[in-house]
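Fold and geometry: a report
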Amino acid sequence: MDFSKSALLLLIALLACAAPLISGSEEDEAEAPQPDTFFGKWVPIKDVTDPSIVAIGKFAVDEYNKKINEKLTFEKVARGAEKIVSGTYYGLQLSASSDSGSPKQYDALVYENLKQEKTLVGFKSV
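In short, a report on the structure. (Residues numbered from 1 in each chain as written. Predicted model: local features only at pLDDT ≥ 70, side-chain atom pairs only at ≥ 80, totals over all residues. Heavy atoms only, no water.)

**Topic: the overall build of the chain**
Cut-off, in case you're wondering: For helices the rule is a DSSP run of H or I covering at least 4 residues; for strands it is a run of E covering at least 2, with both sets numbered from the N terminus onward. Partly exposed residues are those whose accessible area sits between 20% and 50% of the maximum for their type, while under 20% is buried and over 50% is exposed, using a 1.4 Å probe and protein chains only. By definition in these notes, contact holds between two residues if any of their heavy atoms fall within 4.5 Å. In this description, accessible areas are obtained by the Shrake-Rupley approach with a 1.4 Å probe, and a residue is regarded as covered only by the protein chains that are shown.
When you go through the chain residue by residue, the secondary structure sums to 3 helices and 5 strands. Put simply, the chain runs from its N terminus to its C terminus through helices and strands in the order α-α-β-α-β-β-β-β. Within the chain, buried positions represent 39% of all 126 residues. Sequence separation of 24 or more characterises 49% of the internal contacts of the chain that already satisfy a separation of 6 or more. Surface exposure of the chain reaches about 7,600 Å², of which carbon and sulfur atoms provide 51%.

**A word on the packing of aromatic side chains**
How we decide: Stacked, edge-to-face and tilted labels apply to pairs of Phe, Tyr and Trp rings (six-membered ring for Trp) whose centres lie within 6.5 Å, assigned for plane angles under 30 degrees, over 60, and everything in between, in that order.
This model, assessed by the stated rule, comprises 3 aromatic pairs. Measuring from ring centre to ring centre gives 4.2 Å for Tyr64 and Phe123, while their planes differ by 25°; the resulting arrangement is stacked. Of this pair, Tyr64 sits in helix α3 (residues 51-68) while Phe123 sits in strand β5 (residues 118-125); the two residues are 59 residues apart in sequence, bridging distant segments of the chain. Under the relative-accessibility criterion, Tyr64 is labelled buried at 15%. Exposure remark for Phe123: the relative accessible area of 5% places this residue in the buried category. Taking 4.8 Å as the distance between ring centres and 45° as the angle between the ring planes, the aromatic pair formed by Tyr89 and Tyr111 counts as tilted. You can see Tyr89 sitting in strand β3 (residues 87-97) and its partner Tyr111 sitting in strand β4 (residues 104-112), a full 22 residues away along the chain. Like Tyr89, the residue Tyr111 is buried in the burial classification.

**Remarks on the sheet that holds β4**
Quick note on the threshold: Strand pairing follows a simple DSSP-based rule, namely that at least 2 bridges must link the two strands. The convention used is that axes are lines fitted to C-alpha atoms, helices contributing only their stretch in contact, and that angles between N-to-C directions extend from 0 to 180 degrees.
The strand order across the open sheet formed by 5 strands is β1-β2-β3-β4-β5, and the pairing between neighbours is antiparallel. Of all strands in the sheet, those with a lone pairing partner are β1 (42-44) and β5, marking the two edges. Each adjacent strand pair in this sheet contributes to an overall mean axis angle of 25°, direction not counted. Pairing between β3 and β4: 9 bridges, direction antiparallel. Looking across to β4, one finds that Gly91 is bridged to Leu109. Its contacts with the sheet place α3 against β2 (73-85), β3, β4 and β5, and it is angled at close to 75° to β5.

Printed below as a string of structure tokens:
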């Protein structure tokens, strides 16, 4: 996958910001975000089995496959966080498998604009 240097740096910065939330903790899950304080902050995704979150994970794998001509198969979303801006960023840790092996973990960053159009911002093996 060929990203420009600035796009790659943006991905690294966004994933670094999301990493503590993606890994989650019981303290994070105990507090629900207040509507006036969560815009622009990474918020843990409570239910990664929600069909809309699963669809975003599948989208990330499908787009990655198209860009690098790979044949990964989506397995599941393990954890994630979202950040609401003028649209929503989704930082997901997901499992995907290839024909040649068992599932591996990947970090994906997907942006969904206000028209609900999705863009794969980044995808990397962890």
